[in-house]
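# Chain and residue survey
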Amino acid sequence: MNKEMLNLGSNRSIIRELFEFSKQRKQEIGEDNVYDFTLGNPSVKPNPKFNETLIKIINAGNDSYTHGYTSAAGDNLTRKNIADDLNKRFNTNYTLNNLYMTCGAAASLCIALRALTESKNDEILAIAPYFTEYKVFAESAGATFKVVKPNMETFEINFDELLKELNPNTKAIIVNSPNNPSGVVYKKESLLKLADILKQKEKEYNHAIYIICDEPYREIVFDGLEVPHIPNLYDDTVVCYSYSKSLSLPGERIGYVLVPDKAYDSKNLYLACLGAGRAYGYVCAPSLMQHAIEQCATLTSDMNEYKKNRDLIYNGLTKIGYECVKPDGAFYLFMKALEPDAYKFMERAKKYDIVVVPSDNFGVKGYVRLAYCVSSKTIINSMQAFEKLYKEYNK
Ligand code: PLP
């Protein structure tokens, strides 16, 4: 069998391993006594209108509509309504023909990467810290995966490091803002600077360099901050979106790829996305979900809960003495470990039943990620454990 696949299937991700640890621990000492910050599973309920819509669709009893195949790229009206919503929000002029419905951002990324990759010479860049699966997706698409080292002060894009990595083989760069794991939202100036650099390099290398914009957290931002729509700043952009986080539907597997007309060779790129969807067997995203999105394209879940949790966890931990990056969005907090080796710190935290993910998995050393999409009670109760852990290091 395929050794790479065997390897991927045999090695569970550290996040899954830690999640299993907390599950076991919860059975031993009780749910409320384990402070599990491992998984990015939304804690906020889906928008009630979404469930009402599902029920209405099912009760209408038109089974071939509800459960039948849609076209490979997705239902026309669903795609049209998504395009209309994006146009209103971002002053664009997308149509259904720019959209391909998928089983969430993971499938969108796999499709975009497969559509763009011609050979192993093609390099896909990710900006650290980055979502671990990018490497798996890029390499499965046949590309070479490279990492742009982080700016350890701000966790914004490190342009010196970016310039070191860009070369004639660069095919695309994945941009994820709001960012998992840092919670940072890249500033408009940074994105404009990125756009300028890429435009120059496109001229120099005489080929397109695409931004693959991975934005499942687009709507989870705090303090009135805006997430710039990257295709408005840089033409050669493909957007990978998902309703997993904004509508709290991670298990329903629904999202899309957006190929704007302005992107270089967009018609062929869109066709290549259709081809990649076909090659992967990712045709016709779940019909029931597509039809529900058709009517709920403008909705989100109640994001106030995450803002409340952001304030609780950031203020609580910094008051104890921990150094944290203040999250502007998503539902992750990046905290400096109290020793250089984040794995050792994670192991010591476990003694207090605090479960966090070491940052090495995201291309950064010396930090841990806390997914604060948990109940506020868990955050409040965890503070005494964090305090004990802090004291152990600062005796
Ligand atoms: N990209 C990022 C940055 C994520 O955090 C996740 C999931 O946590 C994904 C992509 C995959 O999302 P989906 O569940 O929609 O496949």
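Residues numbered from 1 in each chain as written. Predicted model: local features only at pLDDT ≥ 70, side-chain atom pairs only at ≥ 80, totals over all residues. Heavy atoms only, no water.

### Digging into the side chain of aspartate 122
In this structure, aspartate 122 sits in the loop between helix 6 (104–116) and strand 3 (123–127). Its relative accessible area of 10% is what places aspartate 122 among the buried residues. Excluding residues that lie within four positions of it along the chain, aspartate 122 makes contacts with Leu116, Thr117, Ala143, Thr144, Asn169 and Lys171. (Helix = DSSP H or I, 4+ residues; strand = E, 2+ residues; numbered from the N terminus. Buried < 20%, exposed > 50% of the residue type's maximum accessible area, 1.4 Å probe, protein only. Contact = heavy atoms within 4.5 Å.)

### Quick notes on the site of the ligand
Inspection of the region around the ligand gives 14 residues, with Asn180, Asp214, Tyr217, Ser242 and Arg253 positioned closest. Here alanine 105 contributes a backbone N or O atom positioned 2.8 Å from an oxygen atom of the ligand. At 2.6 Å from a nitrogen atom of the ligand is found a side-chain nitrogen or oxygen belonging to aspartate 214. Considering the ligand on its own, with 390 Å² of exposed area, one finds that the protein chains cover 90% of that surface. Among the cavities detected, the one that contains the ligand is the largest pocket. Taken together, the residues that form the shell around the ligand break down as six nonpolar, five polar and three charged. (Near = heavy atom within 4 Å. Polar contact = N/O pair within 3.5 Å; in protein donor to acceptor, adjacent residues only side chain to side chain. Areas by Shrake-Rupley, 256 points an atom, 1.4 Å probe, with all protein chains shown as cover. 1 Å grid on protein atoms, 1.4 Å probe; cavity = no way out; pocket = protein on both sides within 12 Å on 5 of 7 lines; lining within 4 Å. Sits in = over half its atoms within 2 Å of the grid points. Nonpolar A, V, L, I, M, F, W, Y, C, P; charged D, E, K, R; others polar.)

### Things to note about the packing of aromatic side chains
Per the stated rule, a full pass over the model turns up 18 aromatic pairs. Taken together, a centroid distance of 5.8 Å and an interplanar angle of 85 degrees make the contact between tyrosine 322 and phenylalanine 386 edge-to-face. Taken as a pair, tyrosine 322 in the loop between helix 12 (304–320) and strand 9 (324–325) and phenylalanine 386 in helix 14 (residues 376–393) lie far apart in primary sequence, 64 residues in all. A residue is classified by how much of its surface remains accessible, and tyrosine 322, at 3% relative accessible area, is buried. Through a chain of ring-to-ring contacts, the aromatic side chains of Phe37, Tyr322, Phe386 and Tyr390 assemble into a single cluster. The ring of tyrosine 241 carries the charged tip of arginine 218 above its face, separated from the ring centre by 4.0 Å. Against the face of phenylalanine 21 rests lysine 350, its NZ or CZ located 4.5 Å from the ring centre. (Phe/Tyr/Trp six-rings, centres within 6.5 Å; stacked < 30°, edge-to-face > 60°. Lys NZ or Arg CZ within 6 Å of the ring centre and 35° of its normal.)

### Things to note about the sheet that holds strand 4 (residues 144–148)
In space, the seven strands of this open sheet follow the order 2-8-7-6-5-3-4, with mixed pairing throughout. At either margin of the open sheet sits one strand with a lone partner, and together these are strand 2 (99–102) and strand 4. Averaged over all pairs of adjacent strands, the angle between strand axes in this sheet comes to 20 degrees, irrespective of strand direction. Bridge count for strand 2 against strand 8 (residues 255–258) is four bridges, and the pairing is antiparallel. Bridging across to strand 8, tyrosine 100 finds its partner in valine 257. (Pairing = 2+ DSSP bridges. Axes fitted to C-alpha atoms, helices over the stretch in contact; angles between N-to-C directions.)

### Digging into the domain arrangement of the protein chain
The domain boundaries assigned to the protein chain delineate domain 1 (3–46 + 302–393) and domain 2 (66–296). Here domain 1 and domain 2 have C-alpha centroids that lie 27 Å from each other. Across the boundary between the two partners, domain 1 contributes 28 residues, which contact 30 residues of domain 2. Applying the counting criterion to the domain 1 and domain 2 interface returns 11 residue pairs in polar contact (both at pLDDT 80 or more). Only helix 12, strand 10 (332–336) and strand 13 (367–371) provide two or more residues apiece to the side of domain 1 that touches domain 2. By residue class, the composition of the side of domain 1 that touches domain 2 is 17 nonpolar, five polar and six charged. (Domains from an automatic or database assignment.)

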